[in-house]
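Given next are the chains, with one letter for each unit.
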Amino acid sequence: MPGIQSDFLQHLQELYNEKSLFLDPAECWTYGYDNSRRHNEPLAVVFPTTHQQIVDTVKLCNNHKVAITPRGSGTGTTGASVPSNNAIVLSTEHMANILTVDPDNRLMVVEPGVTNQAVQNAAAEHGFFWPPDPTSSAICTVGGNLAFNSAGPKAVKYGTPRENTLGLTCVTGAGETLTTGAYTTKSVVGYDLTRLIIGSEGTLAIITQATLKLTPLPESKITLQATYKSVESAAHAVSAIMAQPITPCALEFMDETAISLVKDDAQLNLPSTAKALLMIEVDGDAYGLEEMARKVADSASTDGLIDVSIASTEEQVKTLWKARKALSPSLRKIAPKKINEDVVVPVSHIPNLINGLQALSEQYQIPIVNFGHAGNGNIHVNLLIQAEQLDTAKTCLADVFALVIKLNGSLSGEHGIGLEKRDYIGLELDAVAIGIMKKIKSQFDPENLLNPDKVFPPS
Ligand SMILES: Cc1cc2nc3c(=O)[nH]c(=O)nc-3n(C[C@H](O)[C@H](O)[C@H](O)COP(=O)(O)OP(=O)(O)OC[C@H]3O[C@@H](n4cnc5c(N)ncnc54)[C@H](O)[C@@H]3O)c2cc1C
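Residues numbered from 1 in each chain as written. Predicted model: local features only at pLDDT ≥ 70, side-chain atom pairs only at ≥ 80, totals over all residues.

**Brief notes about the overall build of the chain**
Moving on, step 1. Across its full length, the chain holds 15 helices and 18 strands.
Moving on, step 2. Relative to the 2.2 N^0.38 estimate, which gives 23 Å for 459 residues, the radius of gyration of the chain is 23 Å and therefore close to what a compact globule would have.
Moving on, step 3. Here the C-alpha coordinates of the chain stretch approximately 70 × 55 × 40 Å along the principal axes.
Moving on, step 4. In the chain, the share of contacts with a sequence separation of at least 24, taken over all contacts with a separation of at least 6, comes to 71%. (Helix = DSSP H or I, 4+ residues; strand = E, 2+ residues; numbered from the N terminus. Rg over C-alpha atoms; globule rule 2.2 N^0.38 Å. Contact = placed C-beta atoms within 7 Å.)

Shown next as structure tokens:
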């Protein structure tokens, strides 16, 4: 081991006790992955328990020019929590406390390693919820949710972490303590650093505390299921639903292959002619909710509708959601490798996106399965490939992104850029925007130590 590295590791051992520092490669190994299935072995893994320990760690890394990759649960799909070369992983696993629940002000202060589910459980005790709800909520952390601006089905009505976070405490790449935002729901003092850090994938600052804005739990919810003869007619229904005044709290889309997977897993009795399915949820006061659901069902009744019905039992709703949540992992049953993108287009362009994807699927002979948060135009596009199709898949993927940009869309709705999409960001961002972003990064992180290889392509 080079002298400079062993000197650094020795100092690290002064900051961390045995239980909160991994140096053994076998222990470090599992912290080299995320859900992108990429891997890179870290130099060490540290498990800080306090903000000050993170300040000290970042300062030490600055002294020794060692990169840091922050990590929540490693469920991200774009390689953003895969350690950079010769980096340490800073895991927030041991910072999982809920510090304050303040129902009077509808907020909660938490440490970054708390899981999304733990936040939901604690909020529910007071009649609230935090709207960001990735389907990985049982395991993913709030730090990861914030760093990716991860959302989920409820974003269509309640927004993403950017709309549901009041302030942050962070450590910059220079080891400074930075507090952003306010303890209030309105504030316009200076630039909005909270929204800047949210979605920055651990490249600007390490979040050590977050003030989350809570929303009262709705009294009641109705789940509708609509099936269509074609993907195009379902896509038109999405536009129609989003253009009327009652915003659903979930509007999820599945194409034919996705339906066949759900059907098997959930034993749903769906018409054999169904080529697309929408799961629509409407929430609010119990009084008048049925009337609201009826209006939404009317707007879902576009040409090509086979059937729209209210899920009749609580059990049916649970099964439908369980199957929807299992969709992404179960795709691995169909092909050994999948490329999973989470592109976004304006909702009125969903039909063009789906038609374009079908054409690409035929052109490249790669099955493409589509499902996701249609109310936001956020479609999870899954290219299912055999080992020998990797090169073809890359060309196909470039065409998928080109199609999305042509439709005025965005490369990622909630999974971020990480390593997987960094070579494509020039399709969406112009040189001026990228130049300004890089200057912002150097203000936060002058030595380029925080997740240095993520988001931007290597120079
Ligand atoms: C089955 C499954 C379903 C999923 N469903 C959804 C979904 O519905 N919606 C969705 O948006 N995503 C979904 N995801 C992706 C993933 O769960 C989310 O992106 C989640 O927010 C990642 O959280 P994490 O704790 O695992 O973060 P990690 O993967 O560990 O890290 C993610 C990013 O956050 C950074 N980071 C972590 N903690 C901090 C911190 N304290 N400060 C600064 N940066 C930090 C990391 O460096 C990295 O860049 C799913 C994943 C799986 C496996």
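**Some words on the domain arrangement of the chain**
Moving on, step 1. Domain annotation of the chain identifies domain 1 (3-91), domain 2 (98-216) and domain 3 (221-406).
Moving on, step 2. The straight-line distance from the C-alpha centre of domain 2 to that of domain 3 is 28 Å.
Moving on, step 3. Taken together, the contacts link 6 residues of domain 2 with 10 residues of domain 3.
Moving on, step 4. Tallied by class, the residues present in the side of domain 2 that touches domain 3 amount to 3 nonpolar, 1 polar and 2 charged. (Domains from an automatic or database assignment. Nonpolar A, V, L, I, M, F, W, Y, C, P; charged D, E, K, R; others polar.)

**Observations regarding the nonpolar core**
Moving on, step 1. Formed by 64 residues in total, the largest nonpolar core has its most connected members in Ala234, Val238, Phe253, Leu278, Ile280 and Val400.
Moving on, step 2. The element best represented in this core is helix 8 (residues 231-242), accounting for 7 residues.
Moving on, step 3. Counting the residues that make up this core, at least three belong to each of domain 2 (98-216) and domain 3 (221-406).
Moving on, step 4. Not counting chain neighbours up to four residues away, the residues in contact with Val400 comprise Glu341, Leu357, Leu360 and Val381.
Moving on, step 5. Ranked by size, the runner-up nonpolar core spans 49 residues in total, among them Ile54, Val58, Leu166 and Ala210. (Core = buried A, V, L, I, M, F, W, Y, C linked by C-beta atoms within 7 Å. Buried ≥ 20, exposed ≤ 12 C-beta atoms within 10 Å, placed from the backbone.)

**Some remarks on the environment of Gly418**
Moving on, step 1. Positionally, Gly418 belongs in the loop between helix 13 (390-406) and helix 14 (425-428).
Moving on, step 2. Taking the C-alpha atoms as reference points, Gly418 and Pro83, separated by 335 residues in sequence, lie 11 Å from one another.
Moving on, step 3. In contact with Gly418, other than residues within four places in its own chain, are Ser36, Gly76, Thr78, Gly79, Ala80, Glu201 and Lys454.

**Details of the sheet that holds strand 6 (residues 107-110)**
Moving on, step 1. If you trace the 5 strands from one edge of the open sheet to the other, you get 5-6-10-8-9, paired in antiparallel fashion. Among the strands making up the open sheet, the edge pair consists of strand 5 (98-102) and strand 9 (177-181). Averaged over all pairs of adjacent strands, the angle between strand axes in this sheet comes to 15°, irrespective of strand direction.
Moving on, step 2. Pairing of strand 6 with strand 10 (residues 205-213) involves 4 bridges; the strand directions are antiparallel. Looking at the pairing, Val110 lines up with Ala210 of strand 10. (Pairing = 2+ DSSP bridges. Axes fitted to C-alpha atoms, helices over the stretch in contact; angles between N-to-C directions.)

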